[in-house]
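# Reading the structure
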Amino acid sequence: NSAQIGVTGLAVMGRNLARNFARNGYAVALHNRTAARTHALVEEFGSEGDFIATETAKEFVAALERPRRLVIMVKAGEPTDAVIQEFAPLLEPGDMIIDGGNAHFADTRRRERELREQGIHFVGAGISGGEEGALNGPSIMPGGPVESYESLGPMLEKISAKAEDGSPCVTHVGPDGAGHFVKMVHNGIEYADMQLIGEAYQLLRDVAGYSPAQIADIFRTWNTGRLDSYLIEITAEVLSHVDAATGKPFVDVVQDQAEQKGTGRWTVQIALDLGVPVSGIAEAVFARSLSGHSALREASRGLAGPSATALSESEASAFADQVEQALYASKIVSYTQGFHEVSAGSAEYDWNIDLGAVASIWRGGCIIRAAFLDRIRAAYDARADLPSLLSDDTFAQEIAAAQDDWRAVLVSAVQQGVPTPGFAAALAYYDALRAERLPAALTQGQRDFFGAHTYRRTDREGSFHTLWGGDRSEVSG
Ligand code: 6PG
């Protein structure tokens, strides 16, 4: 009856999270569907802290102090429901179930509602940082009832990553599915970041003519500046890695077909429902799916197009500087789009999410951790109702300074036939937002022409319809 927390599901994420709690001085009850894994953990890492190995659901629940805190670390979807069904009957009002998987926030909302009837607090918590993060400090995005955060918060704060200023990378994001929603958007931004980095790499390779090792060095340099981030850092590691079997750059022996588990796709699906233009994230998801259509790509290889021409050494180096500008500007746009989705989700579901706090807990531990998140935090802290990140003066000025190079990079990409959907979508978003007039006016005219869908005028209130088939006079709609 003495464990402060229990973890069920001891695959690598669950195992590392359990060890993290134990290393921080908490007594941790362990449970896994097959008990062998539980015992293996204790055998291997038992010396790290206070573990209580249990074999059955009953034993597990009995090992927890009240109110019970039970973390489930199993696959999202049906396995999560199965585990909840197994444990919920054994719990009492006030107990907490924390789902640390990558659940869809709609499932989290449903589970929270169902368990609430039983008096159980269900906390859907996004956890980011991979295996490493789970063990040494992840970024944690818990949702669920705010009361549960009173006792859970301090524990999560202890095991979480700390930002550079020492603040823990965890906060109560909002009620029910808010935490998993924010984790979903985190992953969408992760996809966009990875796509943009991929485009930068491809341009440096094909247009500038650099080798993977040289590009790794360029990324290392970028990582000392405003692009300083985990993803840029590991990109340099991946690019400088040489395959032992062939002696070739590792990146050249890996099949160029990107896989996905679904969180990026969800981010786009939900954005479509909410009417939020996350074009950069969408392009990243589509780029992954395009890469996987091998037969289609094979069939298309003969299509005409320019081939890239090599640049001189000094041209290449100047081009690399421009690519840095394009990458940074596009990155600002993807975060702008991601934060827009968080704010739209928050409004739709009444979550009251603090965007500054979200930026703050992404500063450490998670996959998209980056130095510039501290400035996003500052932008929202200064003005919680910021219409968009692009309305923040500092970001607007940075984009203003980057835009000539951003455009030049896209011109080269287009002329030389290097696909850069992420850079292009970001720039199109930027130009559309700042446009005085959009062709949406024409769209409205077309809709009215073929479907009498009506339009609104710039100079008068009301809705109108033009009698296109008749004398083209205008009637009030
Ligand atoms: C994280 C990661 C993690 C997982 C991704 C991978 O935040 O730690 O996002 O959740 O590695 O979901 O996603 P794909 O397999 O879809 O690329």
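Residues numbered from 1 in each chain as written. Predicted model: local features only at pLDDT ≥ 70, side-chain atom pairs only at ≥ 80, totals over all residues. Heavy atoms only, no water.

## So, the overall build of the protein chain
Basically, it comes down to this: What counts as a helix is a DSSP run of H or I of at least four residues, what counts as a strand is a run of E of at least two, and both are numbered from the N terminus. For this measure, only C-alpha atoms enter the radius of gyration; the expected value for a globule follows 2.2 Å times N^0.38, where N is the number of residues. Buried residues are those whose accessible area, probed at 1.4 Å on protein chains only, stays under 20% of the maximum for their type, while exposed residues exceed 50% and partly exposed ones sit between those limits. Every accessible area reported is derived by Shrake-Rupley at a probe size of 1.4 Å, with residue values counting cover from the shown protein chains alone. Only four residue types enter the charge count, namely Lys and Arg as positive and Asp and Glu as negative; His and the chain termini do not. Every charge is mapped to an atom, namely NZ of Lys, CZ of Arg, CG of Asp or CD of Glu.
The helix and strand inventory of the protein chain stands at 20 helices and 10 strands. Computed over the C-alpha atoms, the radius of gyration of the protein chain is 25 Å, within 12% of the 23 Å expected from 2.2 N^0.38 for a compact globule of 477 residues. Seen through its principal axes, the protein chain has C-alpha atoms that stretch 80 × 70 × 45 Å. Put simply, the protein chain has 477 residues, and 49% of those count as buried. Entry remark: accessible area of the protein chain is about 22,100 Å², with carbon and sulfur atoms responsible for 51%. Each charge class in the protein chain was averaged separately, 41 positive and 63 negative side chains, and the resulting centres sit 3 Å apart.

## With respect to the UniProt feature "active site" (unreviewed entry) in the protein chain
Short version of the rule: UniProt positions are given in the numbering used here, feature names are shortened, and annotations may be inferred rather than shown by experiment. Contacts are assigned to residue pairs with any non-hydrogen atoms lying within 4.5 Å of each other.
Summarizing the sequence annotation, UniProt attributes the feature "active site" (unreviewed entry) to Lys 183 and Glu 190 in the numbering used throughout. Not counting residues within four places of it along the chain, the set of residues in contact with Lys 183 comprises Asn 102, Gly 126, Ile 127, Ser 128 and Met 141. Relative to the elements of secondary structure, Glu 190 occurs in helix H8 (residues 178-206). Judged by relative accessible area, which is 14%, Glu 190 ranks as buried. Dropping the residues within four chain positions of it, Glu 190 is found in contact with Leu 231, Ile 367 and Ile 368.

## Some details on unusual backbone geometry
Here the residue pair Arg 66 and Pro 67 is connected by a cis peptide bond, since its omega of -10° sits within 30 degrees of zero. Within the secondary structure, Pro 67 sits in the loop between helix H3 (57-62) and strand E4 (69-72). Despite not being glycine, Asn 352 has its phi angle at roughly 55°, a positive value. Take Asn 352: it is sitting in the loop between helix H15 (313-349) and helix H16 (355-361). Judged by its relative accessible area of 70%, Asn 352 falls in the exposed class. The backbone of Ala 452 sits at a positive phi, close to 50°, despite the residue not being glycine. Tracing the chain through its elements places Ala 452 in the loop between helix H20 (440-451) and strand E8 (455-456). The exposure class assigned to Ala 452 is partly exposed, which follows from its relative accessible area of 41%.

## Side note on the site of the ligand
Short version of the rule: A single heavy atom is enough: if one lies within 4 Å of a molecule or strand, its residue is considered near that molecule or strand. Polar contact is the term for a pair of N or O atoms within 3.5 Å; when the atoms are in protein, one must be able to donate a hydrogen and the other to accept it, and sequence-neighboring residues count only if both atoms are side-chain atoms. For this scheme, ten residues count as nonpolar: Ala, Val, Leu, Ile, Met, Phe, Trp, Tyr, Cys and Pro. Four count as charged, namely Asp, Glu, Lys and Arg, and the remainder, Gly too, count as polar.
The environment of the ligand is made up of 15 residues, and the closest members are Ser 128, Glu 190, Tyr 191, Lys 261 and Arg 288. A distance of 2.7 Å separates an oxygen atom of the ligand from a polar backbone atom of Lys 261. The side chain of Arg 288 places a nitrogen or oxygen atom 2.8 Å from an oxygen atom of the ligand. Surface burial for the ligand is 80%, taken as the share of its 410 Å² of free accessible area covered by protein chains. Among the elements that take part in the shell around the ligand, H8 stands out by supplying 5 residues, more than any other. Considered class by class, the residues forming the shell around the ligand number 2 nonpolar, 9 polar and 4 charged.

## Some details on the packing of aromatic side chains
Rule in force here: Pairing of aromatic side chains requires ring centres within 6.5 Å, counting the rings of Phe and Tyr and the six-membered ring of Trp. Pairs whose planes differ by under 30 degrees are stacked, by over 60 edge-to-face, and all others tilted.
As enumerated under the stated definition, the model contains 16 aromatic pairs in all. Judged by centre distance (5.5 Å) and plane angle (70°), the ring pair of Phe 60 and Phe 87 falls under edge-to-face. Highlighted residues: Phe 60 in helix H3 and Phe 87 in helix H4 (residues 78-87), separated in sequence by 27 residues. Grouping residues by exposure puts Phe 60 and Phe 87 together as buried. Three or more aromatic residues joined by ring pairs form one cluster here, namely Phe 105, Phe 181, Tyr 349 and Trp 351.

## Observations regarding the nonpolar core
Convention followed: Nonpolar cores were defined as sets of buried Ala, Val, Leu, Ile, Met, Phe, Trp, Tyr and Cys residues, with membership established by side-chain atoms within 4.5 Å.
In terms of nonpolar packing, the biggest core is built from 89 residues, with Phe 219, Phe 339, Trp 362, Ile 376 and Trp 406 touching the most fellow members. The contacts of Trp 362, once residues within four sequence positions are left out, are Ser 139, Met 141, Val 182, His 186, Ile 189, Phe 339, Ile 368, Arg 369, Ala 370 and Leu 373. The next biggest cluster of nonpolar side chains, apart from the first, holds 28 residues, and it includes Ala 22, Ile 98, Tyr 149 and Leu 156.

## A short note on the sheet that holds strand E10 (residues 474-476)
Quick reminder of the rule: Whether two strands pair comes down to DSSP finding at least two bridges between them.
On the basis of which strands lie adjacent, the open sheet formed by 3 strands has the order E8-E9-E10 and antiparallel pairing. Strand pairing shows two members of the sheet lacking a second neighbour, E8 and E10, which therefore form its edges. Across 2 bridges, E8 lies against strand E9 (residues 463-466) in antiparallel orientation. Bridge assignment links Arg 456 to a residue of E9, and that residue is Ser 463.

## Topic: H15
How we decide: In a helix, the anticipated span is given by 1.5 Å times the number of residues less one.
Its 37 residues place the ends of H15 54 Å apart at the C-alpha level, agreeing with the 54 Å of an ideal helix rising 1.5 Å per residue. Immediately beyond the C-terminal end of H15, within one or two residues, lies Asp 350, with a positive phi of roughly 55°.

## A few points about the confidence of the model for the protein chain
How we decide: For every residue, the predictor assigns a confidence score, pLDDT, that lies between 0 and 100.
Per-residue pLDDT for the protein chain averages 97, and the proportion of residues at 70 or more is 100%. Here the complex is predicted with pTM 0.97, and the ipTM for its interfaces comes to 0.96.

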